[in-house]
Amino acid sequence: MEYLSIPLEVKKTGLAREKQIKKSLDESLHMLLTTPRYNNISDPKYGFVFNNMRFEIFDEHEGVIYNSGDTIYESGLQDMYSKKISGSSKNINTFAAELKEVVQQYEKRLGDVAVTMTYIREERLIYITIKGIILSTKEEYVFTNTLKVWK
C-alpha cells in the first residue's frame, strides 16, 4: 500500500507517494504538530493549539501559559490557559491530552495513542513523544519531536 507523501509534491505521474507506513505517519504527525489550529481554511480544527500561543507569556516556573490579550478568547480557546505544558495524556489538564485528541481525530491509522510532553527548562525545549499501535500491521509505533520554547 502507498500513502500520500507530505508535504504534497506533484510529479509527472501524479502526487508523490510514500511506501513506508512509519515514514508516512511521521510526516503526518509532524505536520499536525507544527500547524497552528485555525490556520487551515478547509478544516479550521486541524493542527495543535499550542502553536497558537507562541506570542503569549510563558511561565517557566509554573509550566503554564498566561493570556496576554483577547486574541485566543476570540478563537474559543480560553480553557487552554489552565493546561500544563509538561505531563501525559492520562491527565486531562495538559497539552499532551489535547494533542492526543487531535492525533486520534486526524490519524486514524494509529490506535492506543498515548502522548507525553516534557519541558526541560535548561534546554528551553519541550520533548514530545507520541506512542501507539499501527492498526494495519499491529506494530508498535513511536514518534518523537521537540518544540523550542519562546520567551
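See the structure printed just above.
Residues numbered from 1 in each chain as written. Predicted model: local features only at pLDDT ≥ 70, side-chain atom pairs only at ≥ 80, totals over all residues. Heavy atoms only, no water.

Draft legend 1. Broad picture of the pattern of salt bridges. Evaluation of the coordinates by the stated rule reveals 3 salt bridges. One salt bridge in this structure joins D26 and K22, with 3.3 Å as the shortest N-O distance. Of this pair, D26 and K22 both sit in helix 1 (residues 21-34), separated by 4 residues, roughly a single helical turn. Residue classification places D26 among the partly exposed residues on the basis of a relative accessible area of 23%. The closest approach of N and O atoms between R37 and E98, which form a salt bridge, is 3.1 Å. Here R37, found in the loop between helix 1 and strand 5 (57-59), pairs with E98, found in helix 3 (residues 95-106); they are 61 residues apart in sequence, far enough to count as distant. Comparing R37 with E98 shows no difference in burial state: the two are buried. (Salt bridge = Lys/Arg side-chain N within 4 Å of Asp/Glu carboxyl O. Helix = DSSP H or I, 4+ residues; strand = E, 2+ residues; numbered from the N terminus. Buried < 20%, exposed > 50% of the residue type's maximum accessible area, 1.4 Å probe, protein only.)

Draft legend 2. Here's a closer look at helix 1. Taking 1.5 Å of rise per residue, the 14 residues of helix 1 would be expected to cover 20 Å, and the 20 Å separating its terminal C-alpha atoms lies within 8% of that figure. Listing the buried residues of helix 1 in full gives I21, S24, L25, E27, S28, L29, L32 and L33. Looking at the buried positions of helix 1, the neighbouring elements they touch are strand 1 (3-4), strand 4 (17-18), helix 3, strand 8 (110-120), strand 9 (125-134) and strand 10 (139-148). (Expected span 1.5 Å × (residues − 1). Contact = heavy atoms within 4.5 Å.)

Draft legend 3. Structural context of the pairing of strand 9. Summarising the sheet, strand 8 and strand 9 pair through 9 bridges and their orientation is antiparallel. Residue pairing across strands places T118 opposite Y127, the latter belonging to strand 9. Hairpin geometry of strand 8 and strand 9 is characterised by an intervening segment of 4 residues between the two adjacent antiparallel strands and by a positive phi of about 60° at R124. The pairing of strand 9 with strand 10 spans 10 bridges and is classified as antiparallel. What sits directly across from Y127, in strand 10, is T146. Here strand 9 folds back onto strand 10, and the loop between the two strands holds 4 residues, one of which, K138, carries a positive phi near 65°. (Pairing = 2+ DSSP bridges.)

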